[in-house]
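Listed below, chain by chain, are the residues.
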Amino acid sequence: NQLEVLNYQANAILINPTDLNKMILLKATTNEYLRNQIFYGLTQTIKGLPVIANTAVPNVKFIVGDLSQATQFWVRENLSVEFSREDSTNFRDGFVTVKVAERVALTNYQPNAIVQGTFSTAKTALETS
């Protein structure tokens, strides 16, 4: 709702995996699961928006955004993989050191196109508006 008021169209929801599983297990007062009313299809979506479970989002918090308008992901250097036996005692012990690197950046052009908060605060704000 917060994004729609600002004329943005949300295209992703990020939540903690624990919160997603709590939503899947929600039951009505008649003891039937509500997941069929919340989630659509085989993929996890709410109101048609993909739900991405990520442990980087703290429990009971969410991030909703129009990520196509708000951000751009840049790859400065592609993924590189290097193997070496010449690190410390690798040769003697028969070990191989693997180094994997990629240089990336994320630019945020429209900070208002991303909303974050807690479920209880967002629900209260929606009910009192």
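Being a predicted model, the structure only gives us computed values, none of them experimental.

Some points on the overall build of the chain
Next, step 1: For the chain, the count of helices and strands is 6 helices and 7 strands.
Next, step 2: The order of α-helices and β-strands along the chain, N terminus first, is α-β-α-α-β-β-β-α-β-α-β-β-α.
Next, step 3: Radius of gyration (C-alpha) of the chain: 21 Å, far over the 14 Å computed for a compact globule of 129 residues.
Next, step 4: Each principal axis of the C-alpha atoms in the chain carries an extent, and together these give about 65 × 40 × 25 Å.
Next, step 5: The buried share among the 129 residues of the chain stands at 20%.
Next, step 6: For the chain, long-range pairs separated by at least 24 residues make up 69% of all intrachain contacts whose partners lie at least 6 apart in sequence.
Next, step 7: When the accessible surface of the chain is split by element, carbon and sulfur atoms take 54% of a total near 9,800 Å².

Let's talk about the sheet that holds strand 4 (residues 61-65)
Next, step 1: Strand order in the open sheet formed by 5 strands is 2-3-1-4-7, with mixed pairing between adjacent strands. In the strand order of this sheet, the two ends are held by strand 2 (45-46) and strand 7 (114-118), each with one partner.
Next, step 2: Across the sheet, helix 2 (residues 17-24) is in contact with strand 1 (12-15), strand 2, strand 3 (49-53) and strand 4; its angle to strand 1 comes to roughly 105 degrees.
Next, step 3: Along the sheet, helix 6 (residues 119-128) makes contact with strand 1, strand 4 and strand 7, crossing strand 7 at roughly 105 degrees.

Considerations on the side chain of Asp 66
Next, step 1: Relative to the assigned elements, Asp 66 resides in the loop between strand 4 and helix 4 (67-70).
Next, step 2: Lys 47 provides the closest opposite charge to the buried, salt-bridge-free Asp 66, at an N-O distance of 14 Å.
Next, step 3: Here Asn 11 takes part through its side chain, which lies 3.4 Å from a polar atom of the side chain of Asp 66.
Next, step 4: In this structure, Asp 66 is in contact with Leu 3, Tyr 8, Gln 9, Ala 10, Asn 11 and Ala 113, ignoring residues within four places of it in sequence.

Re the confidence of the model for the chain
Next, step 1: Per-residue confidence for the chain gives a mean pLDDT of 90; residues scoring 70 or more make up 98%.
Next, step 2: Per-element averaging of pLDDT across the chain places helix 3 (residues 35-38) at the bottom with 73 and strand 4 at the top with 96.

Concerning the pairing of strand 1
Next, step 1: Every second residue of strand 1 is oriented toward a common face, with Ala 12 and Leu 14 on one face and Ile 13 and Ile 15 on the other, all of them buried.
Next, step 2: Summarising the sheet, strand 1 and strand 4 pair through 4 bridges and their orientation is antiparallel. Its bridge partner lying in strand 4, Ile 15 is registered against Phe 62.
Next, step 3: Here strand 1 runs beside strand 3; their pairing, made up of 3 bridges, is parallel. Its bridge partner lying in strand 3, Leu 14 is registered against Ile 52.

Thoughts on unusual backbone geometry
What is expected of a backbone is that most residues other than glycine have negative phi and most peptide bonds are trans.
Next, step 1: We note that Asn 7 has phi near 65 degrees; this positive angle belongs to a residue other than glycine.
Next, step 2: Note on placement: Asn 7 falls in the loop between helix 1 (2-5) and strand 1.
Next, step 3: Even without glycine at this site, Asn 31 takes up a positive phi of about 70 degrees.
Next, step 4: Tracing the backbone through its elements, the reader meets Asn 31 in the loop between helix 2 and helix 3.
Next, step 5: Owing to a relative accessible area of 53%, Asn 31 belongs among the exposed residues under this scheme.

Some details on the side chain of Asn 90
Next, step 1: Looking at where Asn 90 falls in the secondary structure, it is placed in helix 5 (residues 90-93).
Next, step 2: According to the relative accessible area criterion, Asn 90 is buried, its value standing at 8%.
Next, step 3: Every residue in contact with Asn 90, bar those within four places of it in the chain, is listed here: Ser 84, Arg 85, Phe 95, Val 96 and Thr 97.

What counts, and where the lines are drawn
- Residues numbered from 1 in each chain as written.
- Predicted model: local features only at pLDDT ≥ 70, side-chain atom pairs only at ≥ 80, totals over all residues.
- Heavy atoms only, no water.
- Helix = DSSP H or I, 4+ residues; strand = E, 2+ residues; numbered from the N terminus.
- Rg over C-alpha atoms; globule rule 2.2 N^0.38 Å.
- Buried < 20%, exposed > 50% of the residue type's maximum accessible area, 1.4 Å probe, protein only.
- Contact = heavy atoms within 4.5 Å.
- Areas by Shrake-Rupley, 256 points an atom, 1.4 Å probe, with all protein chains shown as cover.
- Pairing = 2+ DSSP bridges.
- Axes fitted to C-alpha atoms, helices over the stretch in contact; angles between N-to-C directions.
- Lys, Arg positive; Asp, Glu negative; His and termini not counted.
- Salt bridge = Lys/Arg side-chain N within 4 Å of Asp/Glu carboxyl O.
- Polar contact = N/O pair within 3.5 Å; in protein donor to acceptor, adjacent residues only side chain to side chain.
- pLDDT = per-residue confidence, 0-100.

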